[in-house]
Amino acid sequence: MTLISTPFGARTTAAEVLAGVDLTGRRMIVTGGASGVGTATVRALAGAGARVTIATRNPAIAKPLVEESPNIDVAAVDLADLDSVRAFCAAWDGPVDAVVANAGVMMLPERQVNAQGWEMQLATNYLGHFALVTGLRTALRSAEGARVVMVSSGAHLLAGVDFEDPQFERKPYDSRIAYAQSKTADVLLAVGISRRWAQDGIRANACAPGQILTNLMRHLDAATLQALGVTDPDGNTTIPDHYKTPEEGAATSVLLAASPLLEGVTGRYFENNQEAPVVEGGPHLMAEGGPEAMVDMVAEWAVDPAAADRLWEYASTTIGDTTDLSGTSDSR
């Protein structure tokens with residue numbers, strides 16, 4: 001399979017990706033759109049004319065962004081709360097042209113669980129997004145060409161999904177592996193959608209935004225922050241040269257959500273605005289080159305169709321039926 005390439009690179013901004021693209025009349029949802037890469041994603045899509053709904057746990061934080069543009073609104077949804085996700089889907093009316101599954105939590109230092117007893121990183125990063133996207137299937141289908149963008153991470157290269165104990169109920173909790181597993185699951189969700197919903201005209205792809213200094217790092221300890229190069233030995237913030245701005249980090253998300261260059265593309269993984277080759281994942285990648293070297297590639301376990309099918313069944317069993325919760329009809 002030939003890898004897809006685009007004229008954009010690692011330093012292209014989201015606005016540059018959408019230059020000349022008219023999204024007027026399109027409706028899009030960005031989870032976690034109130035800060036960081038999510039905010040840059042929202043601004044770029046709204047700036048191109050789309051009506052963008054920020055889906056966030058704390059709508060008050062999004063108020064300044066909503067005030068920037070009549071194309072931006074906000075709705076409450078807590079991805080770690082299944083009832084909240086169901087309520088959001090049930091309240092939605094009309095088509096959805098794109099869902100950018102951007103929200104997430106990273107490397108919680110201790111194992112935490114949500115109200116359903118699910119490990120919090122898997123619950124927020126994957127299971128909540130699974131419930132959201134499946135709950136909006138009718139709304140996506142009615143858009144006739146909708147796209148789902150799963151924002152993953154290069155960290156997925158460290159671990160596949162442990163189907164025997166995905167919630168760390170028996171094995172010792174490892175914050176890094178839990179995060180990596182949840183990000184692999186995000187890629188597998190894109191693969192699963194592409195396998196199941198092609199007849200609905202729904203396309204799904206995954207991407208990594210790259211390394212960016214945002215509040216996603218808020219749970220990292222001082223030693224980890226220093227190892228990543230974002231603080232010096234005195235605890236002062238530094239930004240390594242290879243780190244991106246949020247606007248650069250959002251570029252691949254908006255490429256997948258709205259660029260005509262990706263029309264009809266589904267089930268693939270992109271980074272730095274290019275499709276990434278498949279490699280054998282594993283901890284050796286971190287040992288060989290560290291986080292800076294873990295770019296522009298996707299682990300084979302993250303694009304394995306059999307694993308995607310197995311994970312879909314696991315999520316469906318774990319969550320229960322959330323399909324078609326929106327009040328949307330199949331017409332605009």
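Each remark here, short or long, concerns the structure printed above.
Owing to the predicted nature of the structure, the values given are computational and were not obtained by experimental measurement. (Residues numbered from 1 in each chain as written. Predicted model: local features only at pLDDT ≥ 70, side-chain atom pairs only at ≥ 80, totals over all residues. Heavy atoms only, no water.)

Visitor: Which parts of the structure should I look at to understand the nonpolar core?
Guide: When a protein is soluble and globular, its nonpolar side chains tend to lie buried together. Core analysis: the biggest nonpolar cluster contains 52 residues, and Tyr-126, Leu-136, Leu-140 and Ile-193 have the highest contact counts within it. Of all elements in the fold, only helix H4 (82-91), strand E4 (98-101), helix H5 (120-135), helix H6 (137-142), strand E5 (147-151), helix H7 (175-196), strand E6 (203-208) and helix H12 (305-319) reach the threshold of two or more residues within this core. Every residue in contact with Ile-193, bar those within four places of it in the chain, is listed here: Val-133, Val-148, Ala-198, Ile-202, Ala-204 and Trp-312. (Core = buried A, V, L, I, M, F, W, Y, C linked by side-chain atoms within 4.5 Å. Buried < 20%, exposed > 50% of the residue type's maximum accessible area, 1.4 Å probe, protein only. Helix = DSSP H or I, 4+ residues; strand = E, 2+ residues; numbered from the N terminus. Contact = heavy atoms within 4.5 Å.)

Visitor: What should I look at first to understand the sheet that holds strand E8 (residues 274-275) in this one?
Guide: In sheet architecture, strand pairing relies on hydrogen bonds along the backbone and comes in two forms, parallel and antiparallel. Ordered in space as E3-E2-E1-E4-E5-E6-E7-E8, the eight strands form an open sheet in which the pairing is mixed. Looking at strand neighbours, the two that pair on one side only are strand E3 (72-76) and E8, the edges of this open sheet. Looking at chain direction, E6 and strand E7 (residues 269-271) are connected through three bridges and run parallel. Note on E7: the bridge partner recorded for Cys-207 is Phe-270. Those strands touched by H5 are strand E1 (27-31), E4 and E5, and its axis lies near 175° from that of E4. (Pairing = 2+ DSSP bridges. Axes fitted to C-alpha atoms, helices over the stretch in contact; angles between N-to-C directions.)

Visitor: Got a minute to help me understand H7 in this structure?
Guide: In an α-helix, one turn spans 3.6 residues, which is why side chains three or four residues apart end up on the same side. Across its 22 residues, H7 extends 31 Å between first and last C-alpha, which sits within 8% of the 32 Å expected from 1.5 Å per residue. The buried fraction of H7 amounts to 18 of the 22 residues, a majority that puts the element mostly inside the structure. The backbone nitrogen of Arg-176 lies 3.0 Å from a side-chain oxygen of the residue at the head of H7, namely Asp-174. (Expected span 1.5 Å × (residues − 1). Polar contact = N/O pair within 3.5 Å; in protein donor to acceptor, adjacent residues only side chain to side chain.)

Visitor: Would you mind going over the packing of H5 against H7 with me for this structure?
Guide: Relative orientation and spacing of two packed helices are given, respectively, by the angle between their axes and the distance between those axes. Following both chains from N to C, one finds H5 and H7 inclined at 15°, their axes separated by 7 Å at the closest point. What the angle tells us is that H5 and H7 run roughly parallel. As for how H5 packs across H7, the hand of that crossing is right-handed. For the pair H5 and H7, contact is made by Gln-121, Leu-122, Asn-125, Tyr-126, His-129, Phe-130 and Val-133 and by Ser-175, Ala-178, Tyr-179, Gln-181, Ser-182, Lys-183, Ala-185, Asp-186, Leu-189 and Ile-193, respectively. Among the residues making up the contact of H5 with H7, the classes are represented as nine nonpolar, six polar and two charged. (Parallel < 35°, antiparallel > 145°, perpendicular 65-115°, else oblique. Left-handed = near helix turned anticlockwise from the far one by under 90°. Nonpolar A, V, L, I, M, F, W, Y, C, P; charged D, E, K, R; others polar.)

Visitor: When you look at the pairing of E4 in this model, what are you seeing that I'm missing?
Guide: In the case of a regular strand, side chains alternate between the two sheet surfaces. Along E4, one buried face is formed by Ala-98 and Val-100 and the opposite face, lined by Val-99 and Ala-101, is buried too. Pairing of E1 with E4, which is carried by three bridges, proceeds in the parallel orientation. Residue pairing in the sheet places Val-30 in a bridge with Val-100 of E4. Pairing of E4 with E5, which is carried by four bridges, proceeds in the parallel orientation. If you follow Val-99 over to E5, its bridge partner there is Val-148.

Visitor: I keep staring at the packing of aromatic side chains and nothing clicks. Help me out?
Guide: Given two aromatic rings, one states the distance between the centres and the angle between the planes to describe the pair. Using the criterion set out here, one finds five aromatic pairs in the structure. Seen from their ring centres, Phe-168 and Tyr-173 are 5.5 Å apart, and the 75° between their planes marks the pair as edge-to-face. Between Trp-197 and Trp-312, the aromatic rings sit 5.7 Å apart at their centres with planes inclined by 85°, giving edge-to-face as the arrangement. Separated by 115 residues along the polypeptide, Trp-197 in the loop between H7 and E6 and Trp-312 in helix H12 bring together distant segments of the chain. For the pair shown, Trp-197 and Trp-312 are each scored as buried. (Phe/Tyr/Trp six-rings, centres within 6.5 Å; stacked < 30°, edge-to-face > 60°.)

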